[in-house]
Amino acid sequence: ASPEELTLMLYNGLIRFIMQGQKAIEEKDIQKAHNSIIRAEDIILEFKSTLDMQYEISKYLNALYDYMYDRLVEANLTKDTAILAEVLKIAKVLRDAWAEAMKIAKKESKVVQAAK
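Analysis parameters
Residues numbered from 1 in each chain as written. Predicted model: local features only at pLDDT ≥ 70, side-chain atom pairs only at ≥ 80, totals over all residues. Heavy atoms only, no water. Helix = DSSP H or I, 4+ residues; strand = E, 2+ residues; numbered from the N terminus. Expected span 1.5 Å × (residues − 1). Buried < 20%, exposed > 50% of the residue type's maximum accessible area, 1.4 Å probe, protein only. Contact = heavy atoms within 4.5 Å. Axes fitted to C-alpha atoms, helices over the stretch in contact; angles between N-to-C directions. Parallel < 35°, antiparallel > 145°, perpendicular 65-115°, else oblique. Left-handed = near helix turned anticlockwise from the far one by under 90°. Nonpolar A, V, L, I, M, F, W, Y, C, P; charged D, E, K, R; others polar. Core = buried A, V, L, I, M, F, W, Y, C linked by side-chain atoms within 4.5 Å. Salt bridge = Lys/Arg side-chain N within 4 Å of Asp/Glu carboxyl O.

Chemist: Go over helix H4 (residues 81-115) with me, naming the residues and quoting the values.
Modeler: Relative to the 51 Å expected for 35 residues at 1.5 Å per residue, H4 spans 51 Å between its end C-alpha atoms, a close match to the ideal helical length. Those residues of H4 that sit buried are Ile83, Leu84, Val87, Leu88, Ile90, Ala91 and Leu94. Those residues of H4 hidden inside the fold are in contact with helix H1 (3-26), helix H2 (30-49) and helix H3 (56-78).

Written out as structure tokens, the structure is:
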């Protein structure tokens, strides 16, 4: 998989683990909820570690990832599905934006290749 595809896979994993955490909380499976939320936290940390801070957008993403991570920690401590729903919404927006950027980049790449 390309780096772009791996990033999309990570976003999908983040969404999946948050949803698993929500379901586990609803089912009163505290250990599974904890494990799922920890996996989501780990993905956020991976996103943070790969940011190239020379770009302005990376500073904004870093702050957003910090916020998401802090909220996940709070959700894990309190087992609060509302907090998970908040982070899930952000994760879906980021995932969808990334997927759209991939489509645009692919289309532009084809245009450039055709022009050569």
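Chemist: So what's going on with the packing of H3 against H4? Residues and values would help.
Modeler: Two elements in contact, H3 and H4, have axes whose closest approach is 9 Å; the angle formed by their N-to-C orientations is 150 degrees. With respect to H4, the axis of H3 lies roughly antiparallel. Between H3 and H4 lies a crossing of left-handed hand. On H4, the residues touching Leu61, Leu64, Tyr65, Tyr67, Met68, Arg71, Leu72, Glu74, Ala75 and Thr78 of H3 are Ile83, Leu84, Glu86, Val87, Ile90, Ala91 and Leu94. Taken together, the residues of the contact of H3 with H4 break down into 13 nonpolar, one polar and three charged.

Chemist: Kindly report on the nonpolar core, identifying the contributing residues and their values.
Modeler: A general trend in soluble globular proteins is that nonpolar side chains are found buried together. Of all hydrophobic cores here, the largest spans 25 residues; its most connected members are Leu14, Ile18, Tyr65, Met68, Leu72 and Leu84. Among residues more than four places away in sequence, those in contact with Leu14 are Ala40, Ile43, Ile44, Phe47, Met68 and Ala91.

Chemist: Residue-level account of the environment of Glu4, with values.
Modeler: Positionally, Glu4 belongs in helix H1. Between the C-alpha atoms of Glu4 and Asp42, which are 38 residues apart in sequence, the distance is 19 Å.

Chemist: How would you summarise the pattern of salt bridges if you had to cite specific residues and measurements?
Modeler: Throughout the structure, instances matching the rule amount to five salt bridges. Taking the shortest distance from any N to any O, the salt bridge between Glu27 and Lys23 comes out at 3.1 Å. Residue Glu27 is classed as partly exposed on the basis of its relative accessible area, which comes to 48%. The salt bridge partner of Asp96 is Arg95, with a shortest N-O separation of 2.7 Å. Each of Arg71, Glu74 and Glu86 takes part in salt bridges that share partners, so that together they form one network.

Chemist: An account of unusual backbone geometry is needed here, citing residue identities and associated values.
Modeler: One non-glycine residue, Lys28, adopts positive backbone phi at about 65 degrees. Looking at the element boundaries, Lys28 is found in the loop between H1 and H2. A positive phi is found at Lys79, a non-glycine position, where the angle reads about 55 degrees. By the secondary structure assignment, Lys79 is in the loop between H3 and H4.

Chemist: So what's going on with the packing of H1 against H2? Residues and values would help.
Modeler: Where H1 meets H2, the closest approach of the two axes is 8 Å, and the angle between their N-to-C directions is 155 degrees. As judged from the angle between their axes, H1 and H2 are roughly antiparallel. The element H1 and its partner H2 pack so that their crossing is left-handed. Taken together, the residues of H2 that come into contact with H1 (itself represented by Thr7, Leu10, Tyr11, Gly13, Leu14, Phe17, Ile18, Gln20, Gly21, Ala24 and Ile25) are Lys32, Ala33, Ser36, Ile37, Arg39, Ala40, Ile43, Ile44, Glu46 and Phe47. Of the residues in the contact of H1 with H2, the class split is 13 nonpolar, five polar and three charged.

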